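One letter stands for each residue in the lines below.
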Amino acid sequence: MPQQKQRVLILFAHPSQERSEINRPMFRLAQQIPGVTAVDLYAEYPNFHINVDKEQQRLLAHDVVIMQFPLYWYSTPAILKEWQDLVLEYGFAYGKHGNHLRGKLFMAALTAGGVEKAYQSEGYNHFSIRQLLHPLEQTAWLTGMRYLAPFALFGSRTAVEEQRLELHLNNWSQLLHALVEDRIELDIACQLENLATLPTEVFKERS
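Residues numbered from 1 in each chain as written. Predicted model: local features only at pLDDT ≥ 70, side-chain atom pairs only at ≥ 80, totals over all residues. Heavy atoms only, no water.

### Points about helix 1 (residues 23–31)
Three or four residues apart is the spacing at which side chains of an α-helix point the same way, because the helix has 3.6 residues per turn. What counts, and what does not: Whether a residue is buried, partly exposed or exposed follows from its accessible area with a 1.4 Å probe, protein chains only, as a fraction of its type maximum: under 20%, in between, or over 50%, in that order. The helix and strand labels rest on DSSP assignments: H or I over at least four residues marks a helix, E over at least two residues marks a strand, and numbering proceeds from the N terminus. The arc in question is the one spanned by the directions pointing from the helix axis to the C-beta atoms. Only heavy atoms enter the contact rule, under which two residues are in contact if any of them lie within 4.5 Å.
Taken as a whole, helix 1 has its buried residues at Asn-23, Met-26, Phe-27 and Ala-30. Across the axial projection of helix 1, the buried residues extend over an arc of 100°, all falling on one side. Those residues of helix 1 hidden inside the fold are in contact with strand 1 (8–12), strand 2 (36–40), strand 3 (64–70), strand 4 (105–111), strand 6 (151–153) and helix 7 (165–180).

Below you can see the structure in the form of structure tokens.
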């Protein structure tokens, strides 16, 4: 049986889950993987009254932090921004004595409605997905966390009818298991544009 070496925390934020074809299956799959704690922020905080102490304890108890969400207007859904504003406090996440997140891994797992070619300098979104996520990358840097490339699915509105969901869920499962087992080549995973492609070189060989 693979050894569990890292504890993975998923902060899931989707304000319209009844319409979700990709994120909800991803969340349910993650709930079944040993070593992964999957938290539905909209279910836990329907009034946005985030328990800061509880969320900070969750962060302390995990080695890998993943924000999972559909891309909304080039950013996270509102509750994830609220979560960041309240939980990542001075003195906890940054600033004097604010080193509690140092050394953890951070990643965004997201879906985007537009097709991949739209997320290029020549595309109608003008920026790559990594460029659009720079605020999260900078947040990781400021808090001392190591930022991995995003796990992104493009063209999410048509993924089911184009039969791309099963492959995406399989790759999501492989990635989560590898994170739990500490089998990710971090230098490679940090440099990729999109971790969802899962090149074989991103995995360490099993010991």
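That was the structure; now back to the text.
### Details of unusual backbone geometry
Its identity as a non-glycine residue notwithstanding, Phe-48 has a phi of 65°, on the positive side. Even without being a glycine, Asp-182 presents a positive backbone phi close to 55°. Relative to the helices and strands, Asp-182 is located in the loop between helix 7 and helix 8 (186–191). We classify Asp-182 as partly exposed; its relative accessible area is 32%.

### Focus on the nonpolar core
Let me state the cut-off plainly: What makes a nonpolar core is a set of buried Ala, Val, Leu, Ile, Met, Phe, Trp, Tyr and Cys residues whose side-chain atoms join them at distances within 4.5 Å.
Formed by 36 residues in total, the largest nonpolar core has its most connected members in Leu-59, Phe-69, Trp-83 and Leu-133. Put simply, the parts of the chain that give this core at least two residues each are strand 1, helix 2 (41–44), strand 3, helix 4 (78–87), strand 4, helix 5 (129–132) and helix 6 (134–142). If one sorts the elements of this core by residue count, helix 4 sits on top with four residues. Contact partners of Leu-133, with chain neighbours within four places excluded, come to Phe-69, Leu-71, Ala-108, Leu-110, Tyr-147 and Pro-150. Residues Ile-22, Ile-184, Leu-192 and Leu-195 belong to the second largest nonpolar core, which totals 34 residues.

### Describing helix 3 (residues 52–60)
Among the residues of helix 3, Val-52, Glu-55, Gln-56, Arg-58 and Leu-59 are the ones counted as buried. Viewed end-on, helix 3 has its buried residues packed into an arc of 155°, placing them on one side of the element. Seen from the buried face of helix 3, the exposed residues on the opposite side, beyond 90 degrees, are Asp-53 and Gln-57. Looking at the packing, one finds that the buried side of helix 3 touches strand 1, strand 2, helix 2, strand 3 and helix 4.

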